[in-house]
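Here is how the chains run, residue by residue.
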Amino acid sequence: MTAVLDRPTADAPIGEARSMWAWTVILCLLVLAAAIPWQMRWGVIPDTSWVITLCEKMLAGSRLYVDVFEVNPPFTPWMFMPVVALAHKVGMSPEVAVHAYSYAICLAGLGFAGLIAKQAGLAENRALFQMLPLFLALLVIFPGNAFTEREQLGIALFLPMLVLTAWRAAPIEGRVPSILTAVLAGLSGSVLVLVKPYYALVVLVPALYAAWSRRSIRMLFAVENWAIGLVCVAYVVAVQYFHPEFLSVVYPMLADTYMRMQKMQALLEIYVPIYVVALAALYLLRPGLPLSPLVTVFTLASLAATVPLIYQAKGWPYHAFPAFSLILAALLLRMAQAAPATYKSPGTAMELVLKVLLAVIIAAAAIPFMQTQKLSAEFVAKLKAAAPQPTVALVGADISGGHPLTRMLGGTWISRHCNDWLGESARYLSGIASRNGDQEAASHYRQIADRYIESKIAELETQKPAMIIVEKKDRDWNAELAQRQDYTNFLRRYQQIAEDDEVQVLLRNPGTAQAE
């Protein structure tokens with residue numbers, strides 16, 4: 001990876017250059033070594049744990065969107081399916097394989113971006129070489145609870161596309177990217193759009209900047225953009241062919257329920273202040289120095305990524321990762337930006353202050369990514385002792401209640417859904433509509449909630465899970481279910497065996513037959 005940029009000091013003694021190269025390699029290895037125990041703080045995060053389970057169900061013959069329900073387009077399981085299948089084939093833990101897969105993607109994205117920077121002959125290359133460990137840390141340490149999320153992996157693979165776009169905006173010494181480089185950058189960059197179509201804006205805005213910089217609309221039709229466009233068209237065709245249920249059934253259901261659930265106030269309070277400070281720091285770090293094309297491209301991509309963050313309005317850290325990681329990368333690139341001889345440095349003391357400011361901004365930006373939902377080892381051990389390899393069900397709208405706990409117990413997930421998001425969303429929206437006097441909408445959502453509750457109780461009665469995890473914070477949902485006599489009768493067959501601040505765990509009474 002560290003060999004991909006121009007030799008760091010072309011005008012320095014060979015011994016000094018070799019020493020710098022060696023230290024950069026060592027620091028990158030140290031970052032990777034630190035990332036592994038650091039990520040153990042979160043374990044396998046809930047979303048990834050569910051995707052692994054989803055892939056296993058599909059490998060066992062379950063039909064996506066028919067036998068098992070997923071809110072995301074099919075690229076989510078497709079992205080992880082090869083590594084999960086390989087892990088089972090070689091006898092490796094899928095969790096370990098997915099983490100290794102994620103590190104490999106981060107290294108590949110960063111390495112390819114460096115290769116393109118070398119081919120372009122960017123003025124920043126010498127400084128960028130020395131800062132490779134920082135960029136690597138931004139991909140494998142900074143993400144925290146967003147590590148292995150689709151957005152995090154998509155951003156890692158999008159880096160080559162951004163560097164190539166900066167090259168297009170300001171070609172150096174007549175250098176032109178090869179068709180192979182452009183195609184590969186487009187294929188790599190397409191992953192972010194396949195993860196979620198919203199991120200097409202992150203491709204478009206930097207491309208518009210390149211076209212404006214060159215005063216040529218032809219830049220919008222560069223090879224890499226054609227590659228992304230063709231991949232996306234092929235993906236839509238594949239989705240319609242293999243999983244027509246997503247477009248005809250699932251997406252309308254999501255638009256009617258899930259996508260209406262928003263936490264705009266929390267979004268504004270958590271992310272806006274530090275993001276605004278990061279934007280202002282772009283000028284504070286190198287006062288008076290115009291932004292380079294590379295810094296500009298990363299900044300515009302970050303600004304474009306705020307649109308999906310606000311549109312989704314869920315406030316989850318991994319939704320914010322694209323915008324935050326790209327603006328932090330832009331700040332690091334700003335520090336690496338080459339300055340003309342006429343540029344007046346703010347002075348050594350001030351430069352130190354500005355570097356401290358950068359460190360503070362990165363630390364503040366990382367706060368939302370530091371929250372962990374990992375259960376204590378003692379709690380998990382207690383459950384394992386009470387019910388080895390149980391069949392498991394969840395009562396609650398948060399995916400973290402059942403995942404990764406089910407896999408940590410060696411259990412089997414019995415439900416079609418990963419949680420009760422559909423029923424809880426419909427219940428909530430029905431209440432809002434009723435308070436607003438919209439009885440038609442209230443009745444519509446009430447019917448969705450009732451249908452979901454009926455199907456859930458039927459599923460519980462049929463599967464008879466050995467263990468039920470109840471999320472305590474979903475008080476209204478629990479109260480809703482408690483009004484159903486058939487649900488309360490079913491729970492009489494269970495007794496509580498454990499509890500913490502988040503969940504109650506119920507175990508089926510020993511005298512009652514379990515599911516086959």
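Just above, that's the structure.
Quick summary incoming for the structure in this document.

Reading the values: rules and limits
Residues numbered from 1 in each chain as written. Predicted model: local features only at pLDDT ≥ 70, side-chain atom pairs only at ≥ 80, totals over all residues. Heavy atoms only, no water. Helix = DSSP H or I, 4+ residues; strand = E, 2+ residues; numbered from the N terminus. Rg over C-alpha atoms; globule rule 2.2 N^0.38 Å. Buried < 20%, exposed > 50% of the residue type's maximum accessible area, 1.4 Å probe, protein only. Contact = heavy atoms within 4.5 Å. Areas by Shrake-Rupley, 256 points an atom, 1.4 Å probe, with all protein chains shown as cover. Arc of directions from axis to C-beta. Salt bridge = Lys/Arg side-chain N within 4 Å of Asp/Glu carboxyl O. Pairing = 2+ DSSP bridges. 1 Å grid on protein atoms, 1.4 Å probe; cavity = no way out; pocket = protein on both sides within 12 Å on 5 of 7 lines; lining within 4 Å. Points joined across faces, edges and corners; volume = space filled by probe spheres on them. Nonpolar A, V, L, I, M, F, W, Y, C, P; charged D, E, K, R; others polar. Phe/Tyr/Trp six-rings, centres within 6.5 Å; stacked < 30°, edge-to-face > 60°.

1. Thoughts on the overall build of the protein
Of regular secondary structure, the protein possesses 21 helices and five strands. Relative to the compact-globule value of 24 Å for 516 residues, the protein shows a C-alpha radius of gyration of 25 Å, a close match. Within the protein, the proportion of its 516 residues that are buried is 54%. A fraction of 79% describes how many contacts in the protein between residues 6 or more apart in sequence connect residues 24 or more apart. Summing over all exposed atoms, the protein offers an accessible surface of approximately 23,100 Å²; the carbon and sulfur share of this is 64%.

2. Comments concerning helix α20 (residues 475-482)
Those residues of α20 that sit buried are W477, N478, E480 and L481. Viewed along the axis of α20, the buried residues span an arc of 155°, placing them on a single side of the element. At its buried positions, α20 is contacted by β1 (391-395), α18 (421-435), α19 (439-463), β3 (467-471) and α21 (485-491).

3. Observations concerning the pattern of salt bridges
With the rule as written, the count across this model stands at 18 salt bridges. Measuring nitrogen to oxygen at the nearest pair gives 2.5 Å for the salt bridge that ties R446 to E480. Residue R446 is located in helix α19, and its partner E480 is located in helix α20; the two are separated by 34 residues in the primary sequence. R446 gets classed as partly exposed once you look at its relative accessible area, which sits at 25%. Judged by its relative accessible area of 13%, E480 is buried.

4. A look at the environment of L59
Inspection of the secondary structure puts L59 in helix α2 (residues 46-59). On the accessibility criterion, L59 (46% relative accessible area) is partly exposed. Note: C-alpha distance between L59 and L268 (209 residues apart in sequence) is 41 Å. In this view, L59 contacts M81, V84 and A85; residues no more than four positions away in its chain are not counted.

5. A short note on helix α16 (residues 377-386)
Looking at α16, one finds that the buried residues are F379, V380 and L383. Buried residues of α16 fall within an arc of 95° about the axis and therefore sit on the same side. Structural note: α16 exposes A377, E378 and A385 on the side pointing more than 90 degrees away from its buried face. Each element contacted by the buried residues of α16 is listed here: α17 (405-408), β3, β4 (494-499) and β5 (503-508).

6. Points about the sheet that holds β4
Taken in spatial order, the five strands make up an open sheet running β2-β1-β3-β5-β4, and their pairing is mixed. Only two strands of the sheet have a single partner each, and these edge strands are β2 (412-413) and β4.

7. Description of the environment of G402
Relative to the elements of secondary structure, G402 occurs in the loop between β1 and α17. In this structure, the C-alpha to C-alpha distance between G402 and V470, residues 68 residues apart in sequence, is 9.0 Å. Those residues within four positions of G402 in sequence are excluded, and the remaining contacts are L394, W413 and I469.

8. Things to note about the layout of surface pockets
Considered as a void within the structure, the second largest pocket measures approximately 420 Å³ in volume. If you go around the second largest pocket, you meet 17 residues; those closest to its centre are M40, G43, V44, E95 and H99. For the lining of the second largest pocket, the element with the most residues is helix α4 (residues 94-120), which contributes five residues. Classifying every residue of the lining of the second largest pocket gives nine nonpolar, five polar and three charged.

9. A word on the packing of aromatic side chains
This structure, assessed with the given rule, holds 19 aromatic pairs. Summarising the aromatic geometry, the rings of F80 and Y101 are spaced 6.2 Å apart at their centres and angled 65° between planes, so their arrangement reads as edge-to-face. Of the two residues, F80 sits in helix α3 (residues 75-90) while Y101 sits in helix α4, which places them 21 residues apart along the sequence. The class for Y101 is partly exposed, based on a relative accessible area of 25%. Seen from their ring centres, F142 and F321 are 6.2 Å apart, and the 35° between their planes marks the pair as tilted.

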